Amino acid sequence: MDLALRGRVAVVTGGSKGIGLAVVRTLLEEGAFVVAASRSGSPGLADLAGPNLLHAAGDLMDPAFPAELVERAVGAFGGLDILVNNAGGPPPGVVLPRGPFLDGTDTDWQAVFEFNLFAVMRLTRVALPHLVERGGTIVNVSSSLARQPGTNNYEYAAAKAAVSHVSKGLSEEFGPQGVRVNTVSPGITRTNWWTDEGGVADMFAGAMGVDRDTLLDKTLPEMMRLSTGRFVEPQEVADAIVLLSSPRSGSTNGSEFVVDGGMLKEI
Ligand SMILES: NC(=O)c1ccc[n+]([C@@H]2O[C@H](COP(=O)([O-])OP(=O)(O)OC[C@H]3O[C@@H](n4cnc5c(N)ncnc54)[C@H](OP(=O)(O)O)[C@@H]3O)[C@@H](O)[C@H]2O)c1
């Protein structure tokens with residue numbers, strides 16, 4: 001299927017690793033111009049270097065960065081067609097997953113909301129005039145946790161629920177102006193956040209007394225009741241994001257694609 005993305009200009013936040021890197025790679029393969037935003041580069045991003053890719057280094061916790069990012073994209077490639085608000089997760093100084101409600105301070109909540117919600121809204125605000133001009137599209141990356149409240153990660157799940165909520169509202173307001181807004185909600189996805197040395201897999205493995213491979217391949221998929229029996233791969237989330245970015249999804253607006261290996265059980 002030709003996704004008709006050749007020559008379109010995309011900004012992908014958190015584009016140096018994990019799901020974002022898979023989105024950047026896939027958009028480049030489809031012939032798009034891509035601006036990948038992250039604080040640092042990465043070997044994966046360096047492998048993709050070429051005339052269609054720009055790495056915009058910056059910190060999304062800095063309120064000035066979104067405007068600079070959009071300006072760089074428009075300056076480099078002449079406009080903006082696709083915004084993928086992918087960066088999210090634990091901001092600096094916050095370790096997720098985090099347990100009991102009473103352990104969370106205002107500072108934790110503010111940092112998580114700053115990164116997962118406010119930064120997304122700031123970038124969306126500055127990108128929208130350009131997207132309206134070219135009939136562009138936004139894909140926001142939320143989380144299956146947005147729809148599954150639990151007794152941990154309160155602030156992260158609440159911030160992601162807000163992202164899903166605002167995405168739907170934006171689709172209503174900007175759909176008539178030619179801009180589609182959709183959400184992709186990944187479940188547990190095998191990214192660096194899980195697999196890095198000392199990362200979440202090691203934390204869980206230590207706490208549960210199993211080795212990290214058993215944890216990733218068996219214990220967690222069983223515990224989370226994944227009907228596929230395994231973690232989601234970053235590319236599988238990226239494929240959903242890129243399909244929604246494509247004009248082939250022209251009638252998909254205000255939708256949420258859940259890519260979670262069957263974790264959510266409700267209809
Ligand atoms: N992995 C999962 O299991 C899972 C599940 C549900 C939802 N999600 C969501 O999926 C999205 C991607 O997650 P991921 O696991 O692929 O992430 P990841 O592998 O940890 O990558 C995070 C990306 O964001 C960038 N980043 C981090 N802090 C930043 C900041 N302050 N400013 C600019 N860029 C920053 C990182 O680069 P630098 O460090 O160089 O800045 C990196 O490119 C997130 O929204 C996450 O909440 C993930």
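Residues numbered from 1 in each chain as written. Predicted model: local features only at pLDDT ≥ 70, side-chain atom pairs only at ≥ 80, totals over all residues.

### Concerning the overall build of the protein
- Within the protein, the secondary structure is distributed over nine helices and seven strands.
- Against the globule reference of 18 Å for 267 residues, the protein gives a C-alpha radius of gyration of 18 Å, in line with a compact fold.
- Once the C-alpha set of the protein is aligned to its principal axes, its extents read approximately 55 × 40 × 35 Å.
- Within the protein, buried positions represent 44% of all 267 residues.
- Sequence separation of at least 24 residues holds for 70% of the intrachain contacts in the protein that already meet a minimum separation of 6. (Helix = DSSP H or I, 4+ residues; strand = E, 2+ residues; numbered from the N terminus. Rg over C-alpha atoms; globule rule 2.2 N^0.38 Å. Buried ≥ 20, exposed ≤ 12 C-beta atoms within 10 Å, placed from the backbone. Contact = placed C-beta atoms within 7 Å.)

### Description of the environment of F118
- With respect to the secondary-structure elements, F118 resides in helix 4 (residues 106-134).
- Judged by the 16 C-beta atoms lying within 10 Å of it, F118 is partly exposed.
- Each C-alpha atom of the pair F118 and L60 lies 9.4 Å from the other, and the pair is 58 residues apart in sequence.

### Some remarks on the packing of helix 3 (residues 65-77) against helix 4
- Here helix 3 crosses helix 4 at 30°, and the two axes come no closer than 8 Å. If you check the angle between helix 3 and helix 4, you find them roughly parallel. When you trace helix 3 past helix 4, the crossing you get is right-handed. Residues P66, A67, L69, V70 and V74 of helix 3 form the contact with helix 4, whose participating residues are R122, L123, V126, A127 and H130.
- When grouped by side-chain class, the residues that make up the contact of helix 3 with helix 4 number eight nonpolar, one polar and one charged. (Axes fitted to C-alpha atoms, helices over the stretch in contact; angles between N-to-C directions. Parallel < 35°, antiparallel > 145°, perpendicular 65-115°, else oblique. Left-handed = near helix turned anticlockwise from the far one by under 90°. Nonpolar A, V, L, I, M, F, W, Y, C, P; charged D, E, K, R; others polar.)

### Side note on helix 4
- The first and last C-alpha atoms of helix 4 sit 40 Å apart over 29 residues, in line with the 42 Å expected at 1.5 Å per residue.
- By the largest-angle criterion, E114 marks the main kink of helix 4, which is about 45°.
- If you check which residues of helix 4 are buried, you get D108, V112, F115, N116, A119, V120, L123, T124, A127, L128, H130 and L131.
- At its buried positions, helix 4 is contacted by strand 1 (9-13), helix 3, strand 4 (82-85), strand 5 (137-141) and helix 5 (154-174). (Expected span 1.5 Å × (residues − 1). Bend = angle between axes of the 7 residues up to and from the residue.)

### Focus: the environment of K168
- With respect to the helices, strands and loops of the structure, K168 is situated in helix 5.
- Classification of K168 by C-beta neighbours within 10 Å gives partly exposed; the count is 16.
- Between the C-alpha atom of K168 and that of E256, which follows or precedes it by 88 residues, the distance is 8.7 Å.

### Notes on the site of the ligand
- Inspection of the region around the ligand gives 27 residues, with G14, G18, S38, R39 and G88 positioned closest.
- Going through the elements one at a time, helix 1 (18-29), strand 2 (33-38) and helix 6 (192-195) are the ones with two or more residues in the shell around the ligand.
- The dominant element in the shell around the ligand, judged by the number of residues it contributes, is helix 1, at three residues.
- Taken together, the residues that form the shell around the ligand break down as 10 nonpolar, 14 polar and three charged.
- For the shell around the ligand, the two domains that each supply at least three residues are domain 1 (9-189 + 233-259) and domain 2 (190-231). (Near = placed C-beta within 6 Å. Domains from an automatic or database assignment.)

### Some remarks on the packing of helix 1 against helix 9 (residues 234-245)
- The interhelical angle for the contact between helix 1 and helix 9, taken along N-to-C directions, is 55°, at an axis separation of 8 Å. With respect to helix 9, the element helix 1 is oriented oblique. By crossing handedness, the relation of helix 1 to helix 9 is classed as right-handed. The segment helix 1 lies against helix 9, with G18, I19, A22, V23, T26 and L27 engaging P234, Q235, V237, A238, D239, I241 and V242.
- Here the contact of helix 1 with helix 9 is composed, by residue class, of nine nonpolar, three polar and one charged.

### A closer look at the nonpolar core
- If you look at the biggest cluster of nonpolar residues, it comprises 69 residues, and the most contacted ones within it are A10, V11, V12, V23, V34, V84 and I241.
- In terms of domain composition, this core takes at least three residues from each of domain 1 (9-189 + 233-259) and domain 2 (190-231). (Core = buried A, V, L, I, M, F, W, Y, C linked by C-beta atoms within 7 Å.)

### Side note on the domain arrangement of the protein
- Each assigned domain of the protein is listed with its residue range as follows: domain 1 (9-189 + 233-259) and domain 2 (190-231).
- Spacing between the C-alpha centres of domain 1 and domain 2 amounts to 24 Å.
- Counting from both sides, the interface comprises nine residues of domain 1 and, opposite them, eight residues of domain 2.
- Residue composition of the side of domain 1 that touches domain 2, grouped by class: four nonpolar, three polar and two charged.

### Quick look at the sheet that holds strand 3 (residues 53-57)
- One open sheet accounts for seven strands, arranged 3-2-1-4-5-6-7; its pairing is parallel. Where the open sheet ends on each side, the last strands, each with one partner, are strand 3 and strand 7 (256-259). Adjacent strand axes in the sheet meet at a mean angle of 15° when their direction is disregarded.
- Here strand 1 pairs with strand 2 via five bridges, running parallel. (Pairing = 2+ DSSP bridges.)

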